[in-house]
Amino acid sequence: MTIPKYVLNGERTGTCGKKKLPYVLSKQQLLHFLTFVKDIRFVMIIFIGCFQGLIIGEMLRLQWENVDLKHGELKVVDAKNTKRYKSNYGKDRVVPINDMFIPVWQQWQAMNIKEKYVIPIESTKDRDDPTYWKSMARSFQKLFSNYLKEAGLLIVDYYQENGTPRYKYHLHTLRHVCGTNLLRAGLAIDYVQDFLGHEDIETTKIYSQLTKDDLKEASHLAYAYP
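This one's a predicted model, so the numbers in the text were calculated from it and none came from an experiment.

Student: Would you take a moment to explain helix H5 (residues 102-111) for this structure?
Tutor: Residues Ile-102, Trp-105 and Trp-108 constitute the buried set of H5. The arc that holds the buried residues of H5, viewed along the axis, is 130 degrees, so those residues lie on one side. When the buried face of H5 is taken as reference, the exposed residues oriented beyond 90 degrees from it are Gln-107 and Ala-110.

Here it is in structure tokens:
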């Protein structure tokens, strides 16, 4: 019997593909995960990822001068441009901060009153070096994986053809949590698109697929005639 190319030691291999739905950590998993987080900066990263929808690169670049707690909004500068390390520009977007989260931001700011960046990083590297931010992002991704392992959540999704595992959860998962929860809360999909800064609404529609259980429940209620 010939073993399919996408199976390695009994495990699926290959690439995720554009149509593959992302995995989303549940509330219970996140609370469990947080019990293993020792770096308080990482707690804020989880908070910003889940409630503001920023990716790790945007979080690390976020400066306090672009966080307006009086009006409840933050400005993501030079965002979502995969070529920005070469072109030196991206696009900006304003992300609202829910009133209930303002005290958290205020407390974090008070704890880092002398810091320029929201997520303080001690490094001897030049922040103007284009590779600096990539290096920092990789460092926090590695830390995230270590915490996942301690929490028993470092779960293999599939193996690549070279045998390297791809895991279900990664830092970008936090953004998926945000997008899914915004839809579950009833926010119109075009608003979710603006919130996350997606250029193509088809990218946002992936969260509609992740909320199918909510749709199923709503349909049951809709047809629950007396």
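Student: Explain the environment of Leu-210 here, please?
Tutor: With respect to the element layout, Leu-210 can be found in helix H10 (residues 206-210). Given a relative accessible area of 19%, Leu-210 falls into the buried group. Along the sequence, Leu-210 and Tyr-23 sit 187 residues apart, while their C-alpha atoms lie 8.5 Å from each other. Those residues in contact with Leu-210 that lie beyond four places of it in its chain are Leu-21, Pro-22, Val-24, Thr-180 and Arg-184.

Student: Teacher, can you tell me more about the packing of aromatic side chains here?
Tutor: On inspection of all chains with the given rule, the structure shows 13 aromatic pairs. Ring geometry for Phe-42 versus Phe-144: centroids 5.9 Å apart, planes at 15 degrees, classification stacked. One end of the pair, Phe-42, is in helix H2 (residues 40-52); the other, Phe-144, is in helix H6 (residues 130-150), with 102 residues separating them in the sequence. In terms of burial, Phe-42 and Phe-144 fall into one category: buried. Connected via pairs of aromatic rings, a cluster forms that spans Phe-33, Phe-42, Phe-140, Phe-144 and Tyr-147.

Student: Please explain H2 as it appears in this structure.
Tutor: For an α-helix, the turn length of 3.6 residues means that residues three or four places apart are oriented alike. Look at H2: 18 Å from first C-alpha to last across 13 residues, which is about the 18 Å you get at 1.5 Å a residue. Turning to H2, its buried residues number three or more, namely Phe-42, Met-44, Ile-45, Ile-46, Phe-47, Ile-48, Gly-49, Cys-50 and Gln-52. Looking one or two residues past H2, Gly-53 carries a phi angle of roughly 75 degrees, positive in sign.

Student: Sorry, what's going on with the packing of H2 against H6 here?
Tutor: Helix packing geometry: the angle between the two helix axes and the distance between the axes. Viewed as axis vectors pointing N to C, H2 and H6 meet at an angle of 95 degrees, and their least axial separation amounts to 12 Å. It follows that H2 is roughly perpendicular to H6 by the angle criterion. Residues Arg-41, Phe-42 and Ile-45 of H2 lie in contact with H6, whose contacting residues are Phe-140, Leu-143, Phe-144 and Tyr-147. Looking at side-chain class alone, the contact of H2 with H6 contains six nonpolar, no polar and one charged residues.

Scoring rules and cut-offs
- Residues numbered from 1 in each chain as written.
- Predicted model: local features only at pLDDT ≥ 70, side-chain atom pairs only at ≥ 80, totals over all residues.
- Heavy atoms only, no water.
- Buried < 20%, exposed > 50% of the residue type's maximum accessible area, 1.4 Å probe, protein only.
- Helix = DSSP H or I, 4+ residues; strand = E, 2+ residues; numbered from the N terminus.
- Arc of directions from axis to C-beta.
- Contact = heavy atoms within 4.5 Å.
- Phe/Tyr/Trp six-rings, centres within 6.5 Å; stacked < 30°, edge-to-face > 60°.
- Expected span 1.5 Å × (residues − 1).
- Axes fitted to C-alpha atoms, helices over the stretch in contact; angles between N-to-C directions.
- Parallel < 35°, antiparallel > 145°, perpendicular 65-115°, else oblique.
- Nonpolar A, V, L, I, M, F, W, Y, C, P; charged D, E, K, R; others polar.

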